[in-house]
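Coordinate analysis (summary)
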Amino acid sequence: MMRVVADIGGTNARFARIGPDGLPAGQVRLAVADHADFASALEAALAMLGGPLPQQAVVAVAGPVHDGVCHLTNADWTIDRRVIAARLGSERVRVVNDFEAVALALPHLGPADITTLGPAEGPAADPRTAMKLALGPGTGLGVALHLGDAGGASVATEGGHVPLALADPGLLERLQAVAPPGPLEAEYFLSGPGLARLHRALHDRVLDEHQVTAAADAGEPAAQRTIALFLDLLAGFAASAALGAGALGGVYLAGGLVGEGRIRVDGARFRRTFNGEGRMAAWLARVPLHIITRADPAFLGLARVGMA
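Owing to the predicted nature of the structure, the values given are computational and were not obtained by experimental measurement.

Moving on, we get to the packing of aromatic side chains. As enumerated under the stated definition, the model contains three aromatic pairs in all. Geometrically, the ring pair formed by Phe 15 and Phe 38 is stacked, given 6.3 Å between the ring centres and 25° between the ring planes. Here the residue Phe 15 occupies a position in strand β2 (residues 12–18), and Phe 38 occupies one in helix α1 (residues 38–49), the gap between them amounting to 23 residues. Classification of Phe 15 by relative accessible area gives buried; the value is 1%. Phe 38 gets classed as buried once you look at its relative accessible area, which sits at 4%. Note on Phe 38 and Trp 77: the rings are 6.1 Å apart at their centroids and 70° apart in plane angle, and the pair reads as edge-to-face.

So this is what it looks like as structure tokens:
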């Protein structure tokens, strides 16, 4: 049965067909800003993919899903399972959170799909049952759990919106100066747009995320300090999330900033910051840390989403 899968973020919308081997093929990438709504992007993608109208569709979306509907957190699109079903003439349509799809892919990633950040210490957890955590900064900050290979299920969360924990009062004051009133959401600084906000808070300079990463690559000290702090904050956030989830099966970083290599991660420093020096440092040291370098991890997970 022909199936189409889609991974819809705040910046890009990716579509693919699932081939006879069960893997995504013939991928199409569209800019969200170039289309007024999801329906027009779906029409363009189906035309570019060609072939017969798919009888199944699984759509991963960057935002919470309620009753098959998602209003994207960082873009003005609404994705509705019923609208897609009407267009395809089939009720075999599912809408899931994008990082839920990434989490579903975790047990199926091979050595060529990941880069490991420093060695984990102590006995390894049983990969068949250990909880795994997928998180990543892109247009937003996605967080999801894989419940262990034996169960084969994943759970989406809104963990990217929890308050960012900061021990430095001076840094807290700087970040609050460029943030909306209320608690500092982790996503507000641990994302692509967040990187630009962090740079503004530290150096009072307005650059977008691409300019910050380009300046850091060119050796500009201020931009390099911004990225170093960004990664330290990300490592601390990942440690808190891993503790909260009991993710001894590993933390897997994805998203457009680290997964696509736009930010270079110092693995040894990230590992040290993740472990920390508190009472749970030994526990955290056992958690494997990986960057997902595969270009389409969500598609790999979407290919395994059931249609029940």
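Turning to the sheet that holds strand β12 (residues 251–253), a few remarks are in order. Across a sheet, strands are paired by hydrogen bonds formed along the backbone, either parallel or antiparallel in direction. With respect to topology, six strands assemble into an open sheet ordered β8-β13-β12-β9-β10-β11, the strand pairing being mixed. Of all strands in the sheet, those with a lone pairing partner are β8 (114–116) and β11 (154–156), marking the two edges. The sheet shows a mean angle of 25° between the axes of neighbouring strands, taken without regard to direction. Sheet analysis places β8 next to strand β13 (residues 289–292), joined by three bridges and oriented antiparallel. Bridging from a neighbouring strand, Ile 114 pairs with Ile 292 of β13. Contacts between helix α3 (residues 98–105) and the sheet are confined to β9 (132–137), β10 (141–146), β11 and β13, with β10 contributing the most and set at about 45° to the helix. Packing against the sheet, helix α8 (residues 221–245) makes contact with β9, β10 and β12, and its axis sits at approximately 150° to β9.

Let us now look at helix α7 (residues 209–217). Among the residues of α7, those classed as buried are Glu 209, Val 212, Thr 213, Ala 215 and Ala 216. The buried residues of α7 occupy an angular sector of 160° when projected down its axis, which confines them to one face. Residues of α7 that are buried make contact with α6 (192–203) and α8. For α7, the N-terminal capping position is held by Asp 208, with its side-chain oxygen 3.0 Å away from the main-chain nitrogen of His 210. Two residues or fewer past α7, Gly 219 is found with a positive phi of approximately 90°.

The next subject is the pattern of salt bridges. A complete count under the given rule lists 10 salt bridges for this structure. For Arg 82, the salt bridge identified is with Asp 80, shortest N-O distance 3.4 Å. For Glu 91, the salt bridge goes to Arg 81, with nearest N and O atoms at 3.1 Å. Here Arg 81 lies in helix α2 (residues 81–88) and Glu 91 lies in the loop between α2 and β7 (93–97), a separation of 10 residues in the sequence. The exposure class of Glu 91 is exposed, given its relative accessible area of 58%. In this structure, a network of salt bridges that share partners links the residues Asp 67, Asp 80 and Arg 82.

Let's shift gears to the pairing of strand β3 (residues 24–31). In this sheet, β3 lies alongside β2 in antiparallel orientation, the contact comprising six bridges. Its bridge partner being in β3, Arg 17 is matched across the sheet by Ala 25.

Moving on, we come to the packing of α6 against α7. To characterise two packed helices, one gives the angle between the axes of the helices and the distance between these axes. Orientation of α6 relative to α7, taken along the N-to-C sense of each, is 70°, at an axis distance of 8 Å. By the criterion of interaxial angle, the relationship of α6 to α7 is roughly perpendicular. Of the two possible hands of crossing, α6 and α7 adopt the one that is left-handed. In this structure, α6 contributes Gly 192, Pro 193, Leu 195, Ala 196 and His 199 to the contact, and α7 contributes Glu 209, Val 212 and Thr 213.

Reading guide: rules and limits
One numbering rule holds for all chains: residues counted from 1, following each sequence as written. Only residues with pLDDT of at least 70 are given local features in this predicted model, and only at 80 or more are side-chain atom pairs given and counted; all residues enter the totals for whole chains, interfaces and linings. Excluding hydrogens and water, the side-chain figures rest on all heavy atoms present in the structure. Pairing of aromatic rings covers Phe, Tyr and Trp, the last counted by its six-membered ring, and requires centre-to-centre distances within 6.5 Å; plane angles under 30 degrees mean stacked, over 60 mean edge-to-face, and any other angle means tilted. Working definition: helices are DSSP H or I runs of at least four residues, strands are E runs of at least two. Numbering for both runs from the N terminus. When a residue's accessible area, from a 1.4 Å probe over protein chains only, is under 20% of the maximum for its type it is buried; when over 50% it is exposed; and in between it is partly exposed. A pair of strands counts as paired when DSSP detects no fewer than two bridges linking them. Fitted lines through C-alpha atoms serve as axes, helices being fitted only where they are in contact, and the angles separating the N-to-C directions of these axes extend from 0 to 180 degrees. Should any heavy atoms of two residues lie within 4.5 Å, those residues are counted as being in contact. Read the arc as the range of directions from the helix axis to the C-beta atoms. Whenever two N or O atoms come within 3.5 Å, that pair is a polar contact, provided that in protein one can donate a hydrogen and the other can accept it, and provided that, for residues adjacent in sequence, both atoms are side-chain atoms. The working definition used for a salt bridge is a side-chain nitrogen of Lys or Arg within 4 Å of a carboxyl oxygen of Asp or Glu. In these notes the angle categories are as follows: under 35 degrees is roughly parallel, over 145 is roughly antiparallel, 65 to 115 is roughly perpendicular, and the rest is oblique. The handedness criterion is simple: a crossing whose near helix is rotated anticlockwise from the far helix by less than a right angle is left-handed, and one whose near helix is rotated clockwise is right-handed.

Read these as geometric descriptors, not functional statements.
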